[in-house]
Amino acid sequence: MGAGLAALLGAAVGSLATVGSAMVTGRAAARSQFAQWRRRHRRDAYVEYLTAVYDRDVALDAVREALRADRPDTGEVDERTERFRAQARAVHRAAESVVLEGPQPVAEGAAPRGARGRGPGRGRAAHGA
C-alpha cells in the first residue's frame, strides 16, 4: 500500500506541475499576442497620421500653386483651400489616435498645438510604452 500511495502522490504532483506549466505558457502566449496586437494598432495609428500629414502638405502645395498665377482664379483657390482645411482636420483626427496609442514622447510630438504651442500631452504623468 505504501508503494501505491507513493505512486498516486507522484502522479498528483506530476499532474499539478503539468497544469502549472500549461498555465504559465498560456499566460505568456496571451501577453505576447496582446503585445503584437498593440504594436499593430500603434503602427496603424502612425501610418494614418503620416498619410494625413502628407495629404495635407500636398493640398497646401496645391493652394500655393493656385496663388502663383498672375490673376488667381478665386473659385479654384477657394476649392483648394477647402481641401486643405479638410486635410488639416484629418491630421488632427489622426493625431488624436497617436496621442491615445503612442508612448508619451511620440504622443507629444503628434499632439495638435494650441495658440501658445502647447499640446494636450503636457503635464500628464509619464506612462509606459
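Scroll up to find the structure this text is about.
Bear in mind the structure is a predicted one, so any value in this text is a computation, not a measurement.

Caption draft 1: Layout of the side chain of Glu 101. Within the element layout of this structure, Glu 101 appears in helix H2 (residues 74-101). For Glu 101, the side chain forms a polar contact with the side chain of His 41, separated by 3.4 Å. Ignoring any residue separated from it by four or fewer positions in sequence, one finds Glu 101 in contact with Arg 38, His 41, Arg 42 and Ala 45.

Caption draft 2: Layout of the nonpolar core. Membership of the largest hydrophobic core is limited to 10 residues, which are Ala 45, Tyr 49, Ala 52, Val 53, Ala 90, Val 91, Ala 94, Ala 95, Val 98 and Ala 110. Contributions of two or more residues to this core are made by helix H1 (2-67) and H2. Here this core gets 5 residues from one element, more than from any other, and that element is H2.

Caption draft 3: Geometry of H1. In this model, H1 (66 residues) spans 97 Å end to end at C-alpha, consistent with the 98 Å of a helix rising 1.5 Å per residue. For H1, the set of buried residues is Arg 42, Ala 45, Tyr 49, Ala 52, Val 53, Ala 59, Val 63 and Ala 66.

Caption draft 4: Representation of the pattern of salt bridges within the structure. With the rule as written, the count across this model stands at 8 salt bridges. In this structure, Arg 80 engages Glu 76 in a salt bridge whose closest nitrogen and oxygen atoms are separated by 2.6 Å. Note that Arg 80 and Glu 76 are positioned in helix H2 at a spacing of 4 residues, about one turn of the helix. In this structure, Arg 89 engages Glu 82 in a salt bridge whose closest nitrogen and oxygen atoms are separated by 3.5 Å. By relative accessible area, which is 42% here, Arg 89 ends up partly exposed. Several salt bridges converge on common partners, so that one network encompasses Glu 82, Arg 85 and Arg 89.

Caption draft 5: Summary view of the packing of H1 against H2. Their axes nearest at 8 Å, the elements H1 and H2 cross at an angle of 160°. When the axes of H1 and H2 are compared, the pair comes out roughly antiparallel. As for the relative orientation of H1 and H2, their crossing is left-handed in sense. Per-class residue counts for the contact of H1 with H2 are 20 nonpolar, 4 polar and 10 charged.

What counts, and where the lines are drawn
- Residues numbered from 1 in each chain as written.
- Predicted model: local features only at pLDDT ≥ 70, side-chain atom pairs only at ≥ 80, totals over all residues.
- Heavy atoms only, no water.
- Helix = DSSP H or I, 4+ residues; strand = E, 2+ residues; numbered from the N terminus.
- Polar contact = N/O pair within 3.5 Å; in protein donor to acceptor, adjacent residues only side chain to side chain.
- Contact = heavy atoms within 4.5 Å.
- Core = buried A, V, L, I, M, F, W, Y, C linked by side-chain atoms within 4.5 Å.
- Buried < 20%, exposed > 50% of the residue type's maximum accessible area, 1.4 Å probe, protein only.
- Expected span 1.5 Å × (residues − 1).
- Salt bridge = Lys/Arg side-chain N within 4 Å of Asp/Glu carboxyl O.
- Axes fitted to C-alpha atoms, helices over the stretch in contact; angles between N-to-C directions.
- Parallel < 35°, antiparallel > 145°, perpendicular 65-115°, else oblique.
- Left-handed = near helix turned anticlockwise from the far one by under 90°.
- Nonpolar A, V, L, I, M, F, W, Y, C, P; charged D, E, K, R; others polar.

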